[in-house]
Structures are given as C-alpha cells and as structure tokens.
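# Examining the three-dimensional arrangement
Here is how the chains run, residue by residue.
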Amino acid sequence: MGTRIGGDGPDERHQRPEGLDDVTVAALGKLSEALETVERVRGHLYSAHQLTGTADFALDAAVSLFMQAGHTEMAERIQRELIGRNVIPGHWTFQIVEEFDDGYYAEFREVERQARERFAGGRRHLHEAELKERRRTRGRTGHEARPDYSG
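Right, let's walk through the structure included here.

Here is what the cut-offs are and how they apply
Each chain carries its own residue numbering, running from 1 in the written order of its sequence. Note on the predicted model: pLDDT of at least 70 is required for a residue's local features to be given, and 80 or more for side-chain atom pairs to be given and counted; whole-chain, interface and lining totals, by contrast, use all residues. No hydrogens and no water enter the side-chain calculation; it runs on all heavy atoms of the structure. Under the scheme used here, helices are H or I runs from DSSP no shorter than 4 residues and strands are E runs no shorter than 2 residues, and both carry numbers assigned from the N terminus. We compute the radius of gyration over the C-alpha atoms and compare it with the globule rule, which gives 2.2 Å times the number of residues raised to the power 0.38. Exposed residues in this analysis have more than 50% of their type's maximum accessible area, buried residues have under 20%, and partly exposed residues fall in between, with area computed by a 1.4 Å probe over protein chains only. Here a residue-residue contact requires only that any non-hydrogen atoms of the pair lie within 4.5 Å. Working definition of accessibility: Shrake-Rupley area with a 1.4 Å probe, residue cover restricted to the visible protein chains. Residues scored as positive are Lys and Arg, those scored as negative are Asp and Glu, and His as well as the terminal groups of each chain are ignored. Charge positions are represented by NZ for Lys, CZ for Arg, CG for Asp and CD for Glu. When the centres of two rings from Phe, Tyr and Trp lie within 6.5 Å, Trp using its six-membered ring, the rings pair. Their planes under 30 degrees apart give stacked, over 60 give edge-to-face, and anything left gives tilted. Axis angles are defined between N-to-C directions and span 0 to 180 degrees, where every axis is a line fitted to C-alpha atoms and, for a helix, only to the segment in contact. Under this scheme an angle from 65 to 115 degrees is roughly perpendicular, one under 35 degrees roughly parallel, and one over 145 degrees roughly antiparallel; angles in between are oblique. What makes a crossing left-handed is the near helix being turned counterclockwise from the far one by less than a right angle; a clockwise turn instead makes it right-handed. Three classes are used, and their members are as follows: Ala, Val, Leu, Ile, Met, Phe, Trp, Tyr, Cys and Pro are nonpolar, Asp, Glu, Lys and Arg are charged, and the others, Gly among them, are polar. Put simply, a salt bridge is a Lys or Arg side-chain nitrogen that is within 4 Å of an Asp or Glu carboxyl oxygen. Polar contact criterion, stated in full: a pair of N or O atoms within 3.5 Å, where within protein one must be able to donate a hydrogen and the other to accept it, and residues adjacent in sequence count only if both atoms are side-chain atoms. Nonpolar cores were defined as sets of buried Ala, Val, Leu, Ile, Met, Phe, Trp, Tyr and Cys residues, with membership established by side-chain atoms within 4.5 Å.

## Examining the overall build of the protein
Of regular secondary structure, the protein possesses four helices and zero strands. Beginning at the N terminus, the succession of helices and strands in the protein can be written as α-α-α-α. The C-alpha atoms of the protein give a radius of gyration of 25 Å, which is well past the 15 Å a tight globule of 151 residues would have. The proportion of buried residues among the 151 residues of the protein is 25%. Expressed as a percentage of contacts within the protein between residues at least 6 apart in sequence, the contacts between residues at least 24 apart total 64%. Accessible surface, the protein as shown: approximately 10800 Å² in total, 54% of it carbon and sulfur. Across the protein, the centroid of the 22 positively charged side chains sits 7 Å from that of the 27 negatively charged ones.

## Describing the environment of Arg118
Relative to the helices and strands, Arg118 is located in helix α3 (residues 93-120). Residue class for Arg118 comes out exposed when judged on its relative accessible area of 68%.

## Notes on the packing of aromatic side chains
Per the stated rule, a full pass over the model turns up four aromatic pairs. For the pair Trp92 and Phe94, a centre-to-centre distance of 6.5 Å together with 80° between the ring planes defines the contact as edge-to-face. Look at Trp92 and you get partly exposed, because its relative accessible area is 39%. Phe94 sits in the partly exposed class, given a relative accessible area of 38%. Ring geometry for Phe100 versus Tyr104: centroids 5.9 Å apart, planes at 45°, classification tilted. On the criterion of helical spacing, the pair formed by Phe100 and Tyr104 is a turn pair, its members being four residues apart in helix α3. Accessibility expressed as a relative area gives 14% for Phe100, which makes it buried.

## Things to note about the packing of helix α1 (residues 22-68) against helix α2 (residues 72-81)
The geometry of α1 relative to α2 is characterised by a closest axis approach of 7 Å and an angle of 160° between their N-to-C directions. Classed by the angle they form, the pair α1 and α2 counts as roughly antiparallel. Considering the relative orientation of α1 and α2, their crossing is left-handed. On α2, the residues touching Leu59, Val63, Phe66 and Met67 of α1 are Thr72, Met74, Ala75, Ile78 and Gln79. Each residue belonging to the contact of α1 with α2 can be placed in one class, and the counts come to seven nonpolar, two polar and no charged.

## Some details on the side chain of Arg123
Along the chain, the position of Arg123 falls in the loop between α3 and α4 (126-135). Look at Arg123: it is buried, it has no salt bridge, and the nearest opposite charge is Glu12 at 4.1 Å. At 3.1 Å, the side chain of Arg123 and the backbone oxygen of Gln15 are in polar contact.

## What about the packing of α1 against α4?
Between α1 and α4, whose axes approach to 8 Å, the crossing angle comes to 110°. The pairing of α1 with α4 is recorded here as roughly perpendicular in orientation. Residues Val25, Gly29, Ser32 and Glu36 of α1 pack against Leu126, His127, Glu128 and Glu130 of α4. Residue composition of the contact of α1 with α4, grouped by class: two nonpolar, three polar and three charged.

## What to know about the nonpolar core
As a rule of thumb, nonpolar side chains are buried together in soluble globular proteins. Counting residues in hydrophobic clusters, the biggest one holds six residues: Leu20, Val25, Leu28, Ala115, Ala120 and Leu126. Elements represented by at least two residues in this core include exactly α1 and α3. Once you skip the residues sitting within four places of it in the chain, Ala115 turns out to touch Leu28, Leu31 and Ala120.

Rendered as structure tokens:
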C-alpha cells in the first residue's frame, strides 16, 4: 500500500498503491474526468426525456384552448403532427435513454472500473486526493485531509 503523506494525509483508499507511476495516475484521473462528463450527459438526456414529456402533455391544453377559440384546424394539426410524435425516427425519449444507458454508458463505466481495478486496486480519485494534498493548508481549519469521525 502507499505511504501516508504526513500524519494527517488521505485515508488508505485514497493513497496511491506502491509502484503506481505519475503518468498512470494522470491517465486514471483523465478517464475519471471523462466518465464524470458522461454522467452529466446522462443527466441531460434524462432532463430532455422529462422535458419532452412535459411539453407533450402541455400540447393537450394547447389543443383544448385552440378548440375553445374556434381554431379547429390548428388544434387538429397539433393533435395529428406533434402529440405522441417520435423525437427521432422510431424513438421516444425513454428509448434513447435506455439505449444510452445499456450501451455507451454501461461500457464506459465498465472500462473505467476495469482500469481502476487493474492499475490502482480499485481506488478512486487518486489524482484528486493528491491534488488536495498539494493545495490544502496543513493545520488550518477547513483544510483537513479527511473527516473526523471520532466524536
């Protein structure tokens, strides 16, 4: 296992294993950063999914109001052309989210996990833990290396 940096350094799960070089730590950090970006993409897809559903249901009210106003042609066009329409050929947004989750996202997570297992014994955020050690002010309140669970 890695050597603790000072008496108040990171916990063992955030210490670099013996023999793990700087370039590999940087590569793992960049891979983790890329996964975090893909996590954000996933969130945006879910937002698009929910917002599209909200818009689709709002169209019901628009149709009703256009009908009340006597604009039957517009109400019927919205009903026919927009309500329930695929957002891309053959897909509602739930299908896009499912395909993303089961394909690209699942594979991305697996590759990142395997890289951490292979090179860092499964440890996460080594790059960030070392960055924290370089940037924090030792002994200063609010700059502790880790939480104090003693009491």
